[in-house]
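The primary structure of each chain is shown beneath.
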Amino acid sequence: MNRKNTFKFIDLFSGIGGFHLALHDLGGECVFASEIDIYARKTYEHNFKEISPKLFQGNCFNDDIRNISPDEIPDFDVLCAGFPCQPFSQAGYKRGFHDQHNSERGNLFFNIAEIIGVKKPKAYFLENVRGIVSHDNGNTFKTIRKILEDELGYSFYFKIIKASDYGLPQLRPRAFMVGFKDDTFNSTFKFPDPIPLKYDMSDVWGGTCSREIGFTLRVGGKGSTINDRRNWDAYLVDGVVKTLMPEQGKMLQGFPDDFKFPVSKTQAMKQLGNSVAVDAVKMVANNVIEFMHSLSNHNNNNIKKTKNKGEWTELLVFIKLILEQKLALSDAELNATENYFSINKVTTKNLNLEFFIIDKSTINVALKDSDIRKNIAISELINTEVLQELTTSISNNTGTFELKSFKVIQDPLGFNIVKGGTSSQKADIILDICNDDFKKENEGFGIKSYLGSNPTLLNASGNTNFIFEIINFDPSLMDKVNSINSRNKLKDKIIFVIESGGHFNFVGAEKESMNYNLKLVDSQMPLIVGHILIAFFKDRISS
């Protein structure tokens, strides 16, 4: 293992920090962690406050992942998450994504997906119980894979790995899932080959043990007799039955000798049972980091040539504004009016170049934070005919496609992307604008494309959720509600609740920022939207 390649990672559902130990040892910096259990948080902070002091400043050591917006999380390269496994395990209720019990544990995967979608890290590394692969006849695993691959655009690799595959004397089979952004060239991630045990159970006990490889360290079910098939914590050592304690549990999970538990032994054993096998995570993570860097090096030399309609439209708008040097204002029907803003500069937060308007035929291109500048005869690159041809090509294509005619424009201007890169960017494009009465510098604008399907104003995410309280409803029927999986399941769930005597009482938008922004339009707008949602999903009123 080497630490020459530094990177940043976040540690979700972090427990006591198995991922943190492994990735820190590989040269990573943990910039955000989230763990809701107060006792696990105590152990985590006790062991990492000295090696990762910045993590415990501000809001970087979060408790409930549902209470933070992805935009509030610092930028990072790798997302790590041993997300809650109870809904997918043999020991749990096997409720999967429909699990509404105990803080919607089954749905917490969607918080991970939302963070990946907003922050767009280079890689993710997920861990869960082996049973997640077969849960619900494989549908749960298919859903996870479909979201990561099809909706988020990441590759997906997985393998069932035992802790004993990578040196630790414990079975502990777990599903490891990893994936990468821009994993487009002809290569395949490979999980590391197994290695011999570093030590066996006799080394763990300091005496002759009847087993070379131990049972899977678990949560709950302690105290079964050694001959009970459910036993996992009793071992025969030097002819005497001994019960597993934190000292042995640390070795089974790969935690170092100096890792401390400032909690009771009962809590320590629970925390170890919920943790990851550090050595297994470290060896897989090492391959993840190396593959991630190889992708970055390759993609730096091979810029993606294909884009979808939205991405091409952003580039089209960029050069259109440079050519026309004005931002037209529209009426309520999006028809251009005679009013407009003059444009003096065009750039984006992710672009290291600024394009200053000199006159109708010339622009000045400047490298940000430097004195490097050059003039370009824009009239020789772009005209109205070129814009119309590009617009028609974008409109007529489907999926992702290549526009070779765009390269003739892009190469002299020196840019390839408008949006992407740093996830902190809120606007698609940044402009200096003015008219007779108004002047604004570095004003951000969003770009919505009508060259394909009509764009959405608000994308579905945790930031746009609305909360309703169900009153006058028998709680024992909630499992039946959550089991409804029809084609129009949301409508059918609402109707079932109402027909069973329940009533939906609007509470508000889940995020205060959403409440605030809606109230800027009208003080009653959150309530209005709430009624619209019920009308749409219950009665299918869409106009």
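These lines cover the structure that appears in this document, whether it is placed above or below.

About the cut-offs
Residues numbered from 1 in each chain as written. Predicted model: local features only at pLDDT ≥ 70, side-chain atom pairs only at ≥ 80, totals over all residues. Heavy atoms only, no water. Helix = DSSP H or I, 4+ residues; strand = E, 2+ residues; numbered from the N terminus. Buried < 20%, exposed > 50% of the residue type's maximum accessible area, 1.4 Å probe, protein only. Contact = heavy atoms within 4.5 Å. Pairing = 2+ DSSP bridges. Phe/Tyr/Trp six-rings, centres within 6.5 Å; stacked < 30°, edge-to-face > 60°. Lys NZ or Arg CZ within 6 Å of the ring centre and 35° of its normal. Salt bridge = Lys/Arg side-chain N within 4 Å of Asp/Glu carboxyl O.

1. Notes on the side chain of S224
Argument step 1. Within the element layout of this structure, S224 appears in the loop between helix 5 (201-205) and strand 8 (234-237).
Argument step 2. On the accessibility criterion, S224 (17% relative accessible area) is buried.
Argument step 3. Setting aside its immediate chain neighbours within four residues, S224 contacts R230, N231, D233 and A234.

2. Describing the sheet that holds strand 7 (residues 174-180)
Argument step 1. One open sheet holds the seven strands; their spatial order is 3-2-1-4-5-7-6, and the pairing between them is mixed. Sheet topology places strand 3 (61-62) and strand 6 (157-161) at the edges, where each strand pairs with a single neighbour.
Argument step 2. One ladder, built from six bridges, connects strand 1 (residues 7-12) with strand 2 (residues 28-34); its direction is parallel. Bridging across to strand 2, D11 finds its partner in A33.

3. A short note on the pairing of strand 11 (residues 336-347)
Argument step 1. Pairing of strand 10 (residues 326-330) with strand 11 involves four bridges; the strand directions are antiparallel. Its bridge partner being in strand 11, S330 is matched across the sheet by A336.
Argument step 2. Where strand 10 folds back on strand 11, the antiparallel hairpin that results is connected by five residues, among which L334 adopts a positive phi of roughly 65°.
Argument step 3. Pairing of strand 11 with strand 15 (residues 429-434) involves five bridges; the strand directions are antiparallel. When the bridges of strand 15 are listed, K345 appears paired with D432.
Argument step 4. Note: strand 11 against strand 12 (residues 353-359), two bridges, orientation antiparallel. Counted as the bridge partner of K345 is F356 from strand 12.

4. Overview of the packing of aromatic side chains
Argument step 1. In this structure the tally under the stated criterion is 32 aromatic pairs.
Argument step 2. Ring geometry for F141 versus F156: centroids 5.6 Å apart, planes at 70°, classification edge-to-face. With F141 in helix 4 (residues 139-151) and F156 in the loop between helix 4 and strand 6, this pair connects stretches of sequence that are 15 residues apart. Both residues of the pair, F141 and F156, belong to the buried class.
Argument step 3. An aromatic cluster of at least three residues, connected via ring pairs, comprises Y44, F48, F56, F61, F255, F259 and F261.
Argument step 4. If you follow R211 out to its NZ or CZ, it ends over the ring of F215, 4.0 Å from the centre.
Argument step 5. Above the plane of the ring of W312 lies K307, whose end atom (NZ or CZ) is 4.8 Å from the centre.

5. So, the pattern of salt bridges
Argument step 1. Counted under the stated rule, the structure contains 13 salt bridges.
Argument step 2. The shortest N-O distance in the salt bridge between E324 and K320 comes to 2.8 Å. Placement of the pair is E324 and K320 together in helix 9 (residues 309-324), with a separation of four residues, close to one helical turn.
Argument step 3. Using a relative accessible area of 35% as the deciding quantity, one classes K320 as partly exposed.
Argument step 4. Note that D539 and K538 form a salt bridge whose closest N and O atoms lie 3.0 Å from each other.
Argument step 5. Take D539: its relative accessible area is 41%, and that puts it in the partly exposed class.
Argument step 6. Salt bridges sharing partners connect three or more residues here, namely K345, E354 and D432.

The values reported here are purely geometric and, on their own, carry no functional implication.
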